Amino acid sequence: MNFYGKVAGTVFGIVMIFLSITITAETLLRKFLAFSLGGVDELSGYAVAICAPLAFTVALIHNAHIRINILQNRLPVAGQAIVNLVASVMMSVLAIYLVYFSIRTVIDTATYNSIAQTPWATPLIYPQSIWVFSMAMFALAAIALSIGAARLLLKRDWQGLVRHFGPETVQSELVSELNDLQQRMQREKV
């Protein structure tokens, strides 16, 4: 996993743990002391909305999105390569649509000066603008990867398309897990 993936994964993990602790505290305070921290649900919604597209980006870069490949592995290499290219392009189409949808949402928010229906009454334009930025990062990564896949197709590099854009085989996944286990065991010895 590259540096960006490690940093993003760590940040997302910390944010989600913090949210879990805060939501638990909020729930217990409401239940037993009839007291609310106020706005915890609002902040959690913003955090999830902003972090999710960034997590999509990390998963995309690491080819970690779930794919059902029962038939794909039975295709010839060229067929597998075409399926991978189509999957890459479809991910780009989805990402572009999500950016379009989020931009439309921000435009509507700005038009109506929408605010959160919470005690904080946050102007929604601010968290939604960050959300659009996160979605744009996902779309840019998806488009860049699709362009890379298209270049491999133009070179007729079927093996490259399968290697860089295909789902892991059971054998490669097993080798990866065994290598990871070996690295963890070596760190524990130190």
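Refer to the structure printed above.
Draft legend 1. Geometry of the overall build of the chain. The secondary structure content of the chain amounts to six helices and zero strands. Of the regular secondary structure in the chain, the N- to C-terminal order runs α-α-α-α-α-α. Relative to the compact-globule value of 16 Å for 190 residues, the chain shows a C-alpha radius of gyration of 21 Å, a clear excess of over 25%. For the chain, the spread of C-alpha atoms along the three principal axes comes to 60 × 55 × 30 Å. Of all intrachain contacts in the chain linking residues separated by at least 6 positions in sequence, the fraction that spans at least 24 positions is 69%. Within the structure as shown, the chain displays about 12,800 Å² of accessible surface, and the carbon and sulfur contribution to it stands at 69%. In the chain, 13 positive and 10 negative side-chain charges are present, and the distance between their average locations comes to 9 Å.

Draft legend 2. Summary view of helix α4 (residues 125-154). Between the first and last C-alpha of α4 there are 42 Å, a value that for 30 residues agrees with the 44 Å anticipated at 1.5 Å per step. Within two residues after α4, Arg156 carries a phi angle of roughly 60 degrees, on the positive side.

Draft legend 3. Geometry of the pattern of salt bridges. The full count for this structure, using the stated rule, is three salt bridges. Among the ionic pairs, Glu26 bridges to Arg30, the shortest N-O distance being 2.6 Å. Residue Glu26 and its partner Arg30 are both found in helix α1 (residues 3-33); the two are separated by four residues, about one turn of the helix. Taking relative accessible area as the criterion, Glu26 reaches 6% and is therefore assigned buried. The partner of Asp180 in a salt bridge is Arg184, and the shortest N-O contact between them spans 2.6 Å. Highlighted residues: Asp180 and Arg184, both in helix α6 (residues 170-189), separated by four residues, approximately one helical turn.

Rules of the game
- Residues numbered from 1 in each chain as written.
- Predicted model: local features only at pLDDT ≥ 70, side-chain atom pairs only at ≥ 80, totals over all residues.
- Heavy atoms only, no water.
- Helix = DSSP H or I, 4+ residues; strand = E, 2+ residues; numbered from the N terminus.
- Rg over C-alpha atoms; globule rule 2.2 N^0.38 Å.
- Contact = heavy atoms within 4.5 Å.
- Areas by Shrake-Rupley, 256 points an atom, 1.4 Å probe, with all protein chains shown as cover.
- Lys, Arg positive; Asp, Glu negative; His and termini not counted.
- Charge placed at Lys NZ, Arg CZ, Asp CG, Glu CD.
- Expected span 1.5 Å × (residues − 1).
- Salt bridge = Lys/Arg side-chain N within 4 Å of Asp/Glu carboxyl O.
- Buried < 20%, exposed > 50% of the residue type's maximum accessible area, 1.4 Å probe, protein only.

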